Amino acid sequence: MGKLIKVLTSLFILISIVVGGAIFYVTTKIKPEDIKKIAIDATEKALPGTDVKIKSVDYSIGTSFSFQLDSLEIKLKDKLARKRYKNDFFVVKKVEVKVPLWALITNGGTISVNVQAPEVAYNELGAVQSNISLAMGPKKTVAKVDVKAGESTDNTKSSGGKIKLPAFVENSKINIKLTDVLVKYSLHKSISGQTKISRI
């Protein structure tokens, strides 16, 4: 009986050390401002024609590491288009993300993303242009380069604007759930309206 108590006590101490170490790792490696910067930089990198704002980021630690983005707004940089259409490209009051502690420790797992009641706008600015095309930014043209015999065609250089995501994000599976999505649309033939999608 005494040996069993010692084993259970040792096991309890071991679990406490592991959990305590995980919490210490999370609180020292991940800060709210870092999360905010990564989210803004990654979004603006994917949608270069937009300005992204996040009011605040908060997080809590339990069996998983959870953080919340409050008031995420994505607006077009094009001021004329913004003035023409009052609807922002994308607005959501709250985005909740849950990351299992083991995903942080082992650099891989399943990350759950819950987006509640987002508002998405689709505005046509003519027969061929829309707010989505403006958000994507101008199309990049690839310059034609004459290559002489014997020369390498690999001119790839590292980009200074590349977003470096944490290893556990790159190695994890991401499950995204959107609920109560409100889509506002305005077509170039003076057709407008809105529709609601309960779940995606």
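Now for a quick tour of the structure.

The rules we used
- Residues numbered from 1 in each chain as written.
- Predicted model: local features only at pLDDT ≥ 70, side-chain atom pairs only at ≥ 80, totals over all residues.
- Heavy atoms only, no water.
- Core = buried A, V, L, I, M, F, W, Y, C linked by side-chain atoms within 4.5 Å.
- Buried < 20%, exposed > 50% of the residue type's maximum accessible area, 1.4 Å probe, protein only.
- Helix = DSSP H or I, 4+ residues; strand = E, 2+ residues; numbered from the N terminus.
- Contact = heavy atoms within 4.5 Å.
- Pairing = 2+ DSSP bridges.
- Salt bridge = Lys/Arg side-chain N within 4 Å of Asp/Glu carboxyl O.

## As for the nonpolar core
Piece 1. Of all hydrophobic cores here, the largest spans 30 residues; its most connected members are L69, L72, I74, F90, V95, V97 and V115.
Piece 2. Broken down by secondary-structure element, the contributors of at least two residues to this core are helix 2 (32-46), strand 1 (50-61), strand 2 (64-76), strand 3 (90-100), helix 4 (101-106), strand 4 (110-116), helix 5 (131-136) and strand 6 (173-187).
Piece 3. When residues of this core are assigned to their parent elements, the largest contribution, 6 residues, is made by strand 2.
Piece 4. The residues contacting F90, other than those within four sequence positions of it, are L72, E73, I74, V115, P118, E119 and V120.

## Focus on the environment of V95
Piece 1. As for its position among the elements, V95 is in strand 3.
Piece 2. A residue is classified by how much of its surface remains accessible, and V95, at 7% relative accessible area, is buried.
Piece 3. In the structure, V95 is positioned 20 residues away from V115 in sequence and 4.8 Å away in space, judged by C-alpha atoms.
Piece 4. Ignoring anything within four residues of it in the chain, the contact list for V95 reads F67, Q68, L69, L72, V113, N114 and V115.

## Focus on the pairing of strand 4
Piece 1. Sheet topology places strand 3 next to strand 4; 5 bridges connect them, and they run antiparallel. By the bridge assignment for strand 4, K98 is matched with S112.
Piece 2. Sheet analysis places strand 4 next to strand 6, joined by 7 bridges and oriented parallel. Counted as the bridge partner of I111 is I174 from strand 6.

## Regarding the pairing of strand 6
Piece 1. In this structure, strand 5 (residues 119-123) lies alongside strand 6, joined through 5 bridges in parallel fashion. The residue of strand 6 that forms the bridge with N123 is S186.
Piece 2. Sheet topology places strand 6 next to strand 7 (residues 191-199); 8 bridges connect them, and they run antiparallel. By the bridge assignment for strand 7, V181 is matched with I197.
Piece 3. The turn linking strand 6 back onto strand 7 is made up of 3 residues, and S190 within it adopts a positive phi angle of 60 degrees.

## Thoughts on the pattern of salt bridges
Piece 1. Applying the stated criterion across every chain yields a total of 4 salt bridges.
Piece 2. Here D41 makes a salt bridge to K37, at a shortest N to O gap of 2.6 Å. With D41 and K37 both in helix 2 and 4 residues apart, this pair spans about one turn of that helix.
Piece 3. Accessibility expressed as a relative area gives 26% for D41, which makes it partly exposed.
Piece 4. Look at K37 and you get exposed, because its relative accessible area is 53%.
Piece 5. Here E96 and K94 are joined by a salt bridge, their closest N and O atoms 3.8 Å apart.
Piece 6. With a relative accessible area of 26%, E96 lands in the partly exposed category.

Read these as layout, nothing more, since geometry by itself doesn't imply function.
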